[in-house]
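A look at the structure
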Amino acid sequence: AELTVVPTATVQSNNESIMSRWFRSEHMEYISLIVNEDAAHDCLADLGKLSAIQFTDLNPDLTPFQRRYVSYVRRCDELERKLRFFGNECDNFGLKLDTAGDIDTFLESPTAVSSRALTSGGGKPEQSGQQLLESLEVELEGYESQLKELNAYSEKLTREYNEKVELQEVLEKARRFFMTDAPRLAVSELSGGRKPGSGSNQGLLAGAHDAEARDMDMRFSSITGVVSTEEKVRFERMIFRATRGNCYVRFAPIKQPITDPESGSLIEKCVFIVFFKSLSIETKLKKICDAFFAHRYSLPDMDDAPAVDRMLTENAQELVDSRTVLLKNQDTRFRLCQMLAQHTERWTWIVLREKAVYHTLNMFKADVSGMLRGEGWVISESFEDIRMSVNRAHSEMDHNMPSHVDQVPKPWPTPPTHFTTNKFTYGYQEFVNTYGIPRYREANPALFTAATFPFLFGVMYGDIGHGLFLFCAGLYLLWNEDKNDKAKLDEMTGGLHAGRYMITMMGFFAVYAGLVYNDCFSLGLNLFGSRWAFANGEPEEGDVAEMTGQYGDGDSVYPFGLDPMWHVAQNELLFFNSFKMKLSVIFGIFQMFSGTCLKGINAIYFGKRLDFLFEFLPMVAFACSLFVYMVVLIFMKWSINWNSRMLSATCLDPASDGWGSADYDGVWANCNGGGDGTCTPWGYECQGNDSLADKCPLDFGGSGDGCQPPNLITALINIALSPGVVDEPMYYGQAGIQNILLAIAGISVPVLLLAKPYFLSKEAASHAHSAHDDDDDDEEHGFGEIIIHQAIETIEFVLGMVSNTASYLRLWALSLAHSELATVFWEKAMLSTLNLNWFATFIGYGIFAGTTFGVLLMMDVLECFLHALRLHW
């Protein structure tokens, strides 16, 4: 169990600083709280403002529906539903909810609920919990019913308006179609039906009547309507299949989309007209229209032009009236949503606070009628504040029955963990809590994470130019801190605002590491003057630079960071790889060893003697004998003057210019000219076939005898694979010392695995005589768990030291990738276009800026951030 970590801007402490308090969690006390039922709500509301208490559930056997205040929680859920409905309606109009300010201001403000009171800045005294819920329910119920009524009326008006729009389109499209190519079968006269001079007795009126009857028999029936454009193809195919091609279909699109009354989305539709000549086909067509949600419209006889025009005119007038009413309804809903957007978030916060209060009251127990009893953990230094807050809540309610707050025995052996954080430390504490919350009074890794996380990020992202961009972004967030605290931010912007101090420190350490690497947009900066110089003023490829001072002299050392000459050297990549790889190993082993030391500090603090003697000390022995020794070898190799050592094992002619060179640290001996006429600086006469061990004066053993720089990876592997064998030692007796270290590492593993379970079993055996015989199985089960737990911890530590050391090489890999990408972008986008023309340079700069921003300032920042987080987890 843990308390919620609440960020506080100021921390009151008499004896301890902020960081010392952050190192270990706050002292906790377990208290019992007895309050009057009528004052319980106000009491809990005041206690919540302190953020210093965590209640325990005294009704674990009751289901949520059997709790005392379940009806109040349900009422809060219903209010939350209404507020979500208001928020969705505001989103439909594109209205943003006005922010309710910061949490601290909200908690200290009076709980006035009415929108009129909120708008006028007051007008209502602070309400009790019951009054608060009732006033909220009445007001929100009125707004909800009003908004629902307007929505239903809007849906009805939209549907009617859409029908009039569709009817108008159908009339216009149908009239245009009938005027141009109406599908009517012409009446053909039979050539043998009427011959001249046949003497027919048929009258003129009878002939005209028969022609009209034949014309009516050949006229087609039609169905007109509107269908969705998406369904047009399927609709036409279904008509063709159902009627077997015995119909004629024409479509005409409607240019303006039509609003769906239910969803409010715009839908493309088209007018259709189907000609057929069968009653059965008409039945099928109507069913098909219903299946595709096509709206059918009855039209007058299109040959009756005056009727059609009259219908068009009437429908157009109704369309204008319907649009006017619809816009009026929309304006009314918009103004209502504008008012709701001003108060919805504050109402939501009030409901959430009330719900939290009643949820906490459900944990209380009613031992005596009219009284509630609660228990929980409080921060020790806030105990008096808790007592005063409870007494004040009762005095304001004018209750004669006094309240009771007192300490009681702790029900659990381990209290919850609570860290007091501020704006700077909050983000780092969240990082640690995401992986695991420290136990009560345990050393807090977040204190060290606040320094190591941005530093390791800077090691991977080291570049002066890119880091400066990130640093400025962090400063911008800090500049707008007060503004963003009160603004309503989305998830991404809120995360950036919460990590503003972290981003600033990440940028600072990226600039610092860039200064160490002397890397600015992949270019070296000659800030202090290079300590290397070429013989001629204009060097060419292949020229060799010489040091301006003597090796080891202070004047030959670049004041800060790496010499810029390394950026133009042919072995630049080889040098930077070696430097960054060793640096990554050093930082990794230092951080892992620091974590092991925290385990020892915890063991001392909690008085766990077995943990300190048989866990911490074997871990330290194992880590020092192999991994810390690796760091010692790296620093030794860096500190040794290998030019002098290698020169001491080099055969030189006494008459040559190299004899007497200042690179040799020792005293040059006299050479008698024996052997092949050459000598080493210390006086050994070379024979021509001498080995390096013969010429080296150190006598450290191995093939090089100490005069040749070793390969550290090979040397470290041989510690375990070839004990006692050191091919290229750096100091006298290295083989024997490495054997001792290997033996210490080998002994520490079984001690770590077996010592603590053994002594725990001895302690258990000493108490076995006082236990019952029925507890033997439980003791054996507990001892088995200890063995398994210790085996897991041993394997995890040993393998973790090896794998995590390799994992820290990502510091080298990410730094190398960043510098190489920056080099590629600079050379390919800028250098290749600088010598062409101004336009090519302009385009090249655009490509360089775009790739730098997208890849190095965005993607690589996130990549280095995630890898730094992984190294801390």
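This is a predicted model, so every value here is computed, not measured.

**Examining the nonpolar core**
One finds Phe453 and Phe457 to be the most contacted residues of the largest nonpolar core, which totals 63 residues. Excluding its chain neighbours within four sequence positions, the residues that come into contact with Phe453 are Tyr428, Phe431, Met502, Met506, Phe865, Ala868, Leu869 and His872. Membership of the second largest hydrophobic core comes to 50 residues, among which are Leu47, Phe55, Leu95 and Val378.

**Thoughts on the packing of helix H19 (residues 609–639) against helix H23 (residues 734–766)**
Two quantities define a packed helix pair, namely the angle between the helix axes and the distance between the axes. At a minimum axis separation of 8 Å, H19 and H23 run at an interaxial angle of 160°. The angle between H19 and H23 falls in the class roughly antiparallel. Here H19 and H23 pass one another in a crossing that is left-handed. By residue class, the composition of the contact of H19 with H23 is 18 nonpolar, four polar and five charged.

**As for helix H17 (residues 500–517)**
Over its 18 residues, H17 extends 26 Å from the first C-alpha to the last, a length consistent with the 26 Å expected when each residue adds 1.5 Å. For H17, the full list of buried residues reads Arg500, Met502, Ile503, Thr504, Met506, Gly507, Phe509, Ala510, Val511, Ala513, Gly514 and Tyr517.

**Re the state of the cysteines**
For the structure on display, the rule yields three disulfides. Here Cys651 connects covalently by a disulfide to Cys686, the sulfurs 1.9 Å from one another. The S-S bond linking Cys651 to Cys686 shows a torsion near -95°; that makes this disulfide left-handed. Separated by 35 residues along the polypeptide, Cys651 in the loop between helix H20 (642–648) and helix H21 (692–695) and Cys686 in the loop between H20 and H21 bring together distant segments of the chain. Judged by relative accessible area, which is 27%, Cys651 ranks as partly exposed. Each sulfur of the disulfide joining Cys696 and Cys707 lies 1.9 Å from the other. Its torsion about the S-S bond being 75°, the disulfide of Cys696 and Cys707 is classed as right-handed. Pair noted here: Cys696 is in the loop between H21 and helix H22 (712–721) and Cys707 is in the loop between H21 and H22, with a separation of eleven residues, a long-range link. Here Cys696 falls in the buried class, since its relative accessible area comes to 5%. Sequential numbering of the bridged cysteines in the protein chain gives the disulfide pattern 1-4, 2-3, 5-6. You can see Cys597 has no disulfide; the closest cysteine sulfur is in Cys624, sitting 7.8 Å from it.

**Description of the packing of aromatic side chains**
Two aromatic rings are characterised by how far apart their centres lie and by the angle between their planes. In total, this model carries 42 aromatic pairs according to the counting rule given. When the ring of Phe575 is compared with that of Phe579, the centres are 6.4 Å apart and the planes differ by 10°; the resulting orientation is stacked. Taken together, the residues span about one helical turn, with Phe575 and Phe579 both in helix H18 (residues 572–606) at a distance of four residues. You can call Phe575 partly exposed: its relative accessible area is 23%.

**Regarding the sheet that holds strand S4 (residues 248–253)**
One open sheet holds the four strands; their spatial order is S4-S7-S3-S8, and the pairing between them is antiparallel. On the outer flanks of this sheet lie S4 and strand S8 (295–297), each paired with one strand and no other. Strand-to-strand, the axes of this sheet are offset by a mean angle of 25°, without reference to chain direction. Note that strand S3 (residues 221–228) and S8 share three bridges and pair antiparallel. Paired with Gly225 across the two strands is Arg296, which belongs to S8. Lying on the sheet, helix H8 (residues 232–243) is in contact with S3, S4 and strand S7 (269–276); it crosses S4 at an angle near 170°. Most of the contacts of helix H9 (residues 279–291) go to S7, to which it runs at about 165°, and overall it touches S3, S7 and S8.

Procedures and definitions
- As a convention, each chain's residues are numbered from 1 in the sequence order in which they are written.
- pLDDT decides what is reported in this predicted model: residues at 70 or higher carry local features, side-chain atom pairs at 80 or more are listed and counted, and totals for whole chains, interfaces and linings draw on all residues regardless.
- Note that water and hydrogens are dropped before the side-chain values are worked out from all heavy atoms of the structure.
- The nonpolar core is taken to be a set of buried Ala, Val, Leu, Ile, Met, Phe, Trp, Tyr and Cys residues, with the residues joined through side-chain atoms within 4.5 Å.
- Relative accessibility decides the category of a residue: with a 1.4 Å probe and only protein chains considered, values under 20% of the type maximum give buried, values over 50% give exposed, and everything between is partly exposed.
- The contact criterion used throughout is that any non-hydrogen atoms of two residues lie within 4.5 Å.
- A fitted line through C-alpha atoms serves as each axis, taken over the contacting stretch for helices, and the angle formed by two N-to-C directions is quoted from 0 to 180°.
- We count a stretch as a helix when DSSP gives it H or I for four or more residues in a row; a strand needs E for two or more, and each element gets its number in order from the N terminus.
- Small angles under 35 degrees read as roughly parallel and large ones over 145 as roughly antiparallel, with 65 to 115 read as roughly perpendicular and the rest as oblique.
- Handedness of each helix crossing follows the sense of rotation of the near helix against the far helix: counterclockwise by less than a right angle gives left-handed, clockwise gives right-handed.
- Classification convention: Asp, Glu, Lys, Arg as charged; Ala, Val, Leu, Ile, Met, Phe, Trp, Tyr, Cys, Pro as nonpolar; all other residues, Gly among them, as polar.
- Working rule for helices: expected span equals 1.5 Å times residues minus one.
- Note that a disulfide, as used here, is simply two cysteine sulfur atoms within 2.5 Å.
- Classification of ring pairs uses Phe, Tyr and Trp, with its six-membered ring standing for Trp, and accepts pairs whose centres are within 6.5 Å; under 30 degrees between planes counts as stacked, over 60 as edge-to-face, and the remaining range as tilted.
- A strand pair is defined by DSSP finding two or more bridges across the two strands.

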